[in-house]
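Summary of the model geometry
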Amino acid sequence: MEKNHIEIKNLSIRLSDKPILTDVTLEIAQGEFIAILGPNGAGKSTLLKLLLGLLTPTSGSISLLGKKPTKGNNEIGYAPQHRVLETDLALRACDVVGFGLDGNKWGFGLPNKKRTEKIKKALSEVDMERYSATPVGRLSGGEQQRLLIAQALITDPRILLLDEPLSNLDINHSNEIVSLLVSLSKDRGVTILLVSHDINPLLPFVDRVIFMANGKSAIGVPDEVITTKTLSTLYATDVEVIRAKNRIFVVGAEL
Ligand code: ADP
Ligand code: MG
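Quick look at the structure, then. Nothing here was measured: the structure is a model prediction, and the numbers come from that model.

Concerning the overall build of the protein chain
- If you tally the helices and strands in the protein chain, you get 7 helices and 11 strands.
- The C-alpha radius of gyration of the protein chain comes to 18 Å, within 12% of the 18 Å expected for a compact globule of 255 residues.
- Principal axes of the C-alpha set define a box for the protein chain whose edges measure 55 × 40 × 40 Å.
- With 255 residues in all, the protein chain has 50% of them scored as buried.
- Sequence separation of at least 24 residues holds for 61% of the intrachain contacts in the protein chain that already meet a minimum separation of 6.
- Approximately 12600 Å² of the protein chain is accessible, and the part contributed by carbon and sulfur atoms is 51%.

Take a look at the structure:
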């Protein structure tokens, strides 16, 4: 087992002079599966963009696999937060997944056969092989979401950053994606950070959660972090965490 895959020290960022994240420090080991939770506007997507080198911290430092974040790093897979794909809707599903190999450029580095094999494998991992030649405009929101995950997986990344990948999925596909992610983290040692609105489908599977609210964050196992005490402190208001039938409900604040 390698040492930490991600190290964040005293990280702060202001956007348009508004503090978004303040003094975040955390360490994430290889193969951890982590959910990033918190209300809209808490800075969850901002944190992923900082890890990708798409935004620069105002202060503090970030290290991924021992290096500073850089754009277009094949060792990091990313599925951005999207309702629908922002691409030419006439493109075939296989083409969209193949973009994951190009670092957003129209590169042709790989021999065609190898490229086709990788695309096929990534499509089958998200149960989308049969839609390979379908124009993406004809796919549902959930199917498009699965394509974005396939695109993030295609380079066999060591770190996966997924921004609300479960939001458009029905419960069966959500469960399938979660079990795929569990096996990637546990069997292949991929480190996974997943932003989610709903903790419940993930709760039995994640190692730890990062809860963000009001520019602050807390990290730990779910039982430590998702408590009335911790969340009331984070939200700076009275929040109650209720557990019923193996589910968690946060009352008094938006999640
Ligand atoms: P989340 O993903 O948790 O919903 P975001 O990280 O997208 O939240 O956004 C956090 C906050 O930062 C929001 O208040 C948002 O309006 C603000 N924000 C995001 N991007 C910018 C930007 N480029 N300039 C100014 N404010 C921004
Ligand atoms: Mg977001």
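Picking up after the structure, the text goes on.
Points about the site of ligand 1
- Taken together, the neighbourhood of ligand 1 is formed by Leu15, Ser16, Lys18, Ile20, Pro39, Asn40, Gly41, Ala42, Gly43, Lys44, Ser45 and Thr46.
- Here an oxygen atom of ligand 1 and a side-chain polar atom of lysine 44 are 2.8 Å apart.
- The separation between an oxygen atom of ligand 1 and a polar side-chain atom of threonine 46 is 2.5 Å.
- When residues of the shell around ligand 1 are traced back to their parent elements, those giving at least two are strand E2 (18–28) and helix H1 (44–51).
- Per element, the largest residue contribution to the shell around ligand 1 is 3 residues, and it comes from H1.
- Class assignment of the residues belonging to the shell around ligand 1 gives a composition of 4 nonpolar, 6 polar and 2 charged.

A word on the coordination of the magnesium ion (ligand 2)
- Only Ser45 (OG) and Gln81 (OE1) from the protein coordinate the magnesium ion (ligand 2), and they sit 2.1 to 2.3 Å from it. Of this pair, serine 45 sits in helix H1 while glutamine 81 is found in the loop between strand E5 (76–79) and helix H2 (93–98), placing the two residues 36 residues apart along the sequence.
- Given the relative accessible area of 18%, serine 45 is considered buried.

Criteria and thresholds
- Residues numbered from 1 in each chain as written.
- Chains lettered and ligands numbered in written order.
- Predicted model: local features only at pLDDT ≥ 70, side-chain atom pairs only at ≥ 80, totals over all residues.
- Heavy atoms only, no water.
- Helix = DSSP H or I, 4+ residues; strand = E, 2+ residues; numbered from the N terminus.
- Rg over C-alpha atoms; globule rule 2.2 N^0.38 Å.
- Buried < 20%, exposed > 50% of the residue type's maximum accessible area, 1.4 Å probe, protein only.
- Contact = heavy atoms within 4.5 Å.
- Areas by Shrake-Rupley, 256 points an atom, 1.4 Å probe, with all protein chains shown as cover.
- Near = heavy atom within 4 Å.
- Polar contact = N/O pair within 3.5 Å; in protein donor to acceptor, adjacent residues only side chain to side chain.
- Nonpolar A, V, L, I, M, F, W, Y, C, P; charged D, E, K, R; others polar.
- Donors = N, O, S within 2.8 Å, 3.2 Å for Na, K, Ca; no water.

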